[in-house]
Amino acid sequence: MSQATIGVIGGSGLYAMEGLTDVEEVRLTTPYGDPSDAFIIGTLAGQRVAFLPRHGRGHRINPSELPSRANIHAFKQLGIRALISVSAVGSLREEYAPGHVVIPNQLFDRTKGGRPTTFFEQGIVAHIAFDKPFCPVLTSILHEAAVTAGATVHMGGTMVVMEGPAFSTLAESEENRRRGHDLIGMTALPEAKLAREAEIAYGTLAMVTDYDAWHPGHDAVTVDAVVAVLHANATLSQQIVAQAVARIGADFTSPAHSALATAIITDRSRIAPEVKERLALIAGKYL
Ligand SMILES: CSC[C@H]1O[C@H](OP(=O)(O)O)[C@H](O)[C@@H]1O
Ligand SMILES: Nc1ncnc2[nH]cnc12
């Protein structure tokens, strides 16, 4: 079975990773269905890295339909300890301009409740701590990497995750600003929550592509405008990822790696064998 220590999940505009050597393509299956696509595993900065395009090659899967449990389960099968998410985001703040990079430190859930958000169900209950939804260790590595790559980068910010796929109305965009949110996207949840349940450190490299709907001096967001900014910054995002990979050593540790130690509340003697089997990879050592 192929193994890697660092995962990269590419969002809009990032469907392949440059600079990988000794590349293999791996298709995985999981108890939660198939991941978004085959994984591309290769060596970057001396480390085995597994890349997955979140929306599939050709961008076929919408944010509500993403198989996030399958994706995270498959990263866990590969042995991933740090997962870098690259995401295209709208900005809700003047200072976070299109072309800039933001490393968010908070999430606010405005999805509509249809996305499976946990591995722990149907006979087992776990409540993970999620006050810090992004791994602080990985977050600071991503920040350093972005500085080194020469990006205009902002550390911190709250990303609101909306359901989509339509972009926000003007009223919604203004309300998100009144609430103090800084960025908007459609995919970081439940992905970040599931990564935490799987004890994988998770951090987001947010590529600002637009000012959403609120900015009086900018047109409403369109896919064409988002893609144009992403294309202009494609090399930059790849360089940041490469810099981050080089900084995530073999000894990388994160508080996320023990997230389940105090989270499972169910009486172990009452967990059915088939439930234990389904969760063997995610939580076996605690069951
Ligand atoms: C193409 S604009 C909207 C689309 O882009 C973002 O995707 P990702 O987070 O995977 O980069 C956003 O969440 C929407 O899915
Ligand atoms: N304005 C926006 N709203 C939601 N997701 C986005 N991804 C990129 N721009 C976005």
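Residues numbered from 1 in each chain as written. Chains lettered and ligands numbered in written order. Predicted model: local features only at pLDDT ≥ 70, side-chain atom pairs only at ≥ 80, totals over all residues. Heavy atoms only, no water.

Re the overall build of the chain
From N to C terminus, the chain includes eight helices and 11 strands. A globule of 287 residues ought to have a C-alpha radius of gyration of about 19 Å, and the chain, at 18 Å, matches this closely. Once the C-alpha set of the chain is aligned to its principal axes, its extents read approximately 60 × 45 × 30 Å. The buried share of the chain, reckoned over its 287 residues, is 56%. For the chain, the accessible surface area stands at approximately 12000 Å², while carbon and sulfur atoms represent 52% of it. Here the chain carries 24 positive and 29 negative side-chain charges, and the mean point of each set is 6 Å from the other. (Helix = DSSP H or I, 4+ residues; strand = E, 2+ residues; numbered from the N terminus. Rg over C-alpha atoms; globule rule 2.2 N^0.38 Å. Buried < 20%, exposed > 50% of the residue type's maximum accessible area, 1.4 Å probe, protein only. Areas by Shrake-Rupley, 256 points an atom, 1.4 Å probe, with all protein chains shown as cover. Lys, Arg positive; Asp, Glu negative; His and termini not counted. Charge placed at Lys NZ, Arg CZ, Asp CG, Glu CD.)

Considerations on the environment of A232
Tracing the sequence through the fold places A232 in helix α5 (residues 223-232). Once the C-alpha coordinates of A232 and R69 are considered, the two residues, 163 residues apart in sequence, prove to be 31 Å apart.

Things to note about the environment of T29
Structurally, T29 is set in the loop between β2 (21-26) and β3 (39-44). Classification of T29 by relative accessible area gives exposed; the value is 60%. On a C-alpha basis, the gap between T29 and D212 in space is 36 Å, while along the polypeptide they are 183 residues apart. Excluding residues within four positions of it along the chain, T29 makes contact with D34 and Q77. (Contact = heavy atoms within 4.5 Å.)

Details of α5
Count 3.6 residues to each turn of an α-helix, and residues three or four apart come out pointing the same way. Looking at α5, one finds that the buried residues are V226, V229 and L230. The buried residues of α5 all sit within an arc of 100 degrees when viewed along its axis, so they share a single face. Of the exposed residues in α5, those oriented more than 90 degrees away from the buried face are D224, H231 and A232. Here the buried face of α5 lies against β5 (82-91), β11 (201-210) and α6 (234-247). (Arc of directions from axis to C-beta.)

Describing the site of ligand 1
Around ligand 1 lies a shell formed by G11, S12, R54, H55, P63, S87, A88, F167, G185, M186, T187 and V226. Backbone polar atom of A88 to an oxygen atom of ligand 1: 2.8 Å apart, as the coordinates give it. One of the side-chain N or O atoms of T187 is found 2.6 Å from an oxygen atom in ligand 1. Here ligand 1 loses 91% of its free accessible area of 390 Å² to cover by the protein chains. (Near = heavy atom within 4 Å. Polar contact = N/O pair within 3.5 Å; in protein donor to acceptor, adjacent residues only side chain to side chain.)

As for a nonpolar patch on the surface
Nonpolar side chains collect at one region of the surface, where F167, V223 and V227 lie side by side and expose about 240 Å² of accessible area between them. As for its placement among the helices and strands, V223 is situated in helix α5. Overall, V223 belongs to the exposed group, its relative accessible area being 53%. (Patch = residues over 30% accessible without salt bridge, like charges linked within 9 Å, V, L, I, M, F, W, Y side chains within 5 Å. Salt bridge = Lys/Arg side-chain N within 4 Å of Asp/Glu carboxyl O.)

Describing the site of ligand 2
Residues in close proximity to ligand 2 include A88, V89, G90, M162, F167, I184, G185, M186, T209, D210, D212 and V221, which together make up its full environment. In the model, a nitrogen atom of ligand 2 is placed 3.0 Å from a nitrogen or oxygen of the A88 main chain. G90 places a polar main-chain atom, nitrogen or oxygen, 3.3 Å from a nitrogen atom of ligand 2. Secondary structure elements with two or more residues in the shell around ligand 2: β5, β10 (183-185) and β11. Here the shell around ligand 2 gets three residues from one element, more than from any other, and that element is β5. In terms of residue class, the shell around ligand 2 is built from seven nonpolar, three polar and two charged. (Nonpolar A, V, L, I, M, F, W, Y, C, P; charged D, E, K, R; others polar.)

Description of the UniProt feature "site: Important for substrate specificity" (unreviewed entry) in the chain
The feature "site: Important for substrate specificity" (unreviewed entry), as given by UniProt, occupies S168 and V223 in the numbering adopted here. Annotated residues spanning 56 residues; largest pairwise C-alpha distance 13.1 Å, indicating a single compact cluster. Inspection of the secondary structure puts S168 in the loop between β9 (158-162) and α3 (170-178). Beyond its immediate sequence surroundings of up to four residues, S168 is in contact with M162, S173, N176, I184, D212 and A213. (UniProt positions renumbered as here; feature names shortened; annotations may be inferred.)

Overview of the nonpolar core
One finds F39, F75, F119, F120 and L260 to be the most contacted residues of the largest nonpolar core, which totals 48 residues. Taken together, the elements giving at least two residues each to this core come down to β3, β4 (47-53), α1 (68-78), β5, β9, α4 (188-197), β11 and α8 (280-283). With sequence-adjacent residues up to four places away left out, F119 is seen in contact with Y32, R69, I72, H73, L194, E197, A198, L279 and I282. (Core = buried A, V, L, I, M, F, W, Y, C linked by side-chain atoms within 4.5 Å.)

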